[in-house]
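Secondary and tertiary structure notes
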Amino acid sequence: NMFNVTPFKMKDGRVATTFLYVDSTLRILHDKGILYGGNGKRDHSFGGCRRFKLDQGFRAHGYFGEHLLGRQGDRTIYLVESEKTAILMWLYYGRVCLATGGSTCLRRVEPGWVLLPDWDTAGDLHWCRWFPEECHDWWNDFPDVPIERGWDIGDVIMYKLNKRKNGEKTESNKSSRG
């Protein structure tokens, strides 16, 4: 599949969602397994797993979705923490969005990229201090959405989709700048 997401059955029988971090040559750099609850939210009681181990040579760093670069021409590239949010950005807005895989995994920012940090940690994780020109306070783009502490732009997308599913409309339809 284009997003390189696959299920992975763990030893205890649970099934993790595995996000493959793939570079532009389609080489697997590493993976990240996450458990999600029935509500689509991450199960934070589970720290994650890896199918492709460091001792097997899977130790390269990259961003989730890098293999999609170049599919948008000169359009803006967005950078978020969550792999799920990166996929939602592509599906909802048609925008290439890379994921760092966590608030502390921001390694590089290319010219023209726009950072969309999680709402609660925008000031804490230094993204906005390290890259003030690239960091966008996206939460101001959605005045009609009751954004909660801990949300990222993917939660806004899910909120809007649930509203649409229930026949309700939201005023804002912005994705962010760009």
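Focus: the pattern of salt bridges
Using the criterion set out here, one finds 7 salt bridges in the structure. For K32, the salt bridge goes to E83, with nearest N and O atoms at 3.2 Å. Here K32, found in strand β3 (residues 28-34), pairs with E83, found in helix α1 (residues 83-93); they are 51 residues apart in sequence, far enough to count as distant. Accessibility assignment for this pair places K32 and E83 in one class, buried. Across the pair R108 and E66 runs a salt bridge whose closest N-O atoms are separated by 2.8 Å. With R108 in the loop between β5 (97-99) and β6 (113-115) and E66 in the loop between β3 and β4 (77-80), the pair connects residues that are 42 residues apart, well separated along the chain. Given a relative accessible area of 31%, R108 falls into the partly exposed group.

Structural notes on unusual backbone geometry
With a phi close to 60°, N4 is a non-glycine residue in the positive phi region. On the secondary structure map, N4 appears in the segment before β1 (5-9). Residue class for N4 comes out buried when judged on its relative accessible area of 19%. The backbone of L26 sits at a positive phi, close to 70°, despite the residue not being glycine. Within the secondary structure, L26 sits in the loop between β2 (15-22) and β3. On the basis of relative accessible area, L26 is assigned to the exposed category, the value being 60%.

Overview of the nonpolar core
If you look at soluble globular proteins, the nonpolar side chains tend to sit buried side by side. Grouped together as the largest cluster of nonpolar side chains are 41 residues, with contacts concentrated most on L79, M89, L116, W138, F142 and I147. Secondary-structure elements contributing two or more residues to this core are β2, β3, β4, α1, β5, β6 and α3 (153-165). No other element matches the 7 residues that α1 contributes to this core. In this view, M89 contacts Y78, G94, R95, C97, L116, I153 and I157; residues no more than four positions away in its chain are not counted. Membership of the second largest hydrophobic core comes to 5 residues, among which are M10, A16, L35 and C49.

Overview of the sheet that holds β1
With antiparallel pairing, 3 strands are arranged side by side in an open sheet as β1-β2-β3. Each of the sheet's edge strands pairs with one partner strand only, and the pair in question is β1 and β3. The sheet shows a mean angle of 35° between the axes of neighbouring strands, direction not considered. Examined bridge by bridge, β2 and β3 share 6 bridges and lie antiparallel to one another. When the bridges of β3 are listed, Y21 appears paired with H30.

Regarding the sheet that holds β5
Strands in a sheet are paired, the pairing made by backbone hydrogen bonds, and the direction either parallel or antiparallel. In space, the 3 strands of this open sheet follow the order β5-β4-β6, with parallel pairing throughout. Unpaired on one side and paired on the other, β5 and β6 mark the two borders of the sheet. Adjacent strand axes in the sheet meet at a mean angle of 30°, parallel and antiparallel pairs treated alike. Summarising the sheet, β4 and β6 pair through 3 bridges and their orientation is parallel. Residue pairing in the sheet places L79 in a bridge with L115 of β6. Where α1 meets the sheet, it contacts β4 and β5, and its direction lies at approximately 175° from that of β5.

Definitions and cut-offs
For every chain, the first residue of the written sequence is number 1, and numbering continues from 1 along that sequence. With pLDDT at 70 or above as the cut-off, local features in this predicted model cover only qualifying residues; side-chain atom pairs require 80 or more to be listed or tallied, and sums for whole chains, interfaces and linings still use all residues. Only hydrogens and water are set aside; all other atoms, that is, all heavy atoms of the structure, feed into the side-chain values. By definition, a salt bridge exists where a carboxyl oxygen of Asp or Glu is found within 4 Å of a side-chain nitrogen of Lys or Arg. Every helix listed is a DSSP run of H or I at least four residues long, and every strand listed is a run of E at least two residues long, numbered separately from the N terminus. Accessibility here uses a 1.4 Å probe with only protein chains present; expressed as a share of the type maximum, an area under 20% marks a residue as buried, one over 50% as exposed, and anything in between as partly exposed. Buried Ala, Val, Leu, Ile, Met, Phe, Trp, Tyr and Cys residues form a nonpolar core when they are joined through side-chain atoms within 4.5 Å. Contacts are assigned to residue pairs with any non-hydrogen atoms lying within 4.5 Å of each other. In this description, strands pair whenever DSSP reports at least two bridges between them. What counts as an axis is a line fitted to C-alpha atoms, over the stretch in contact for a helix, and the angles between N-to-C directions run from 0 to 180 degrees.

Purely spatial values, then, with no claim about function.
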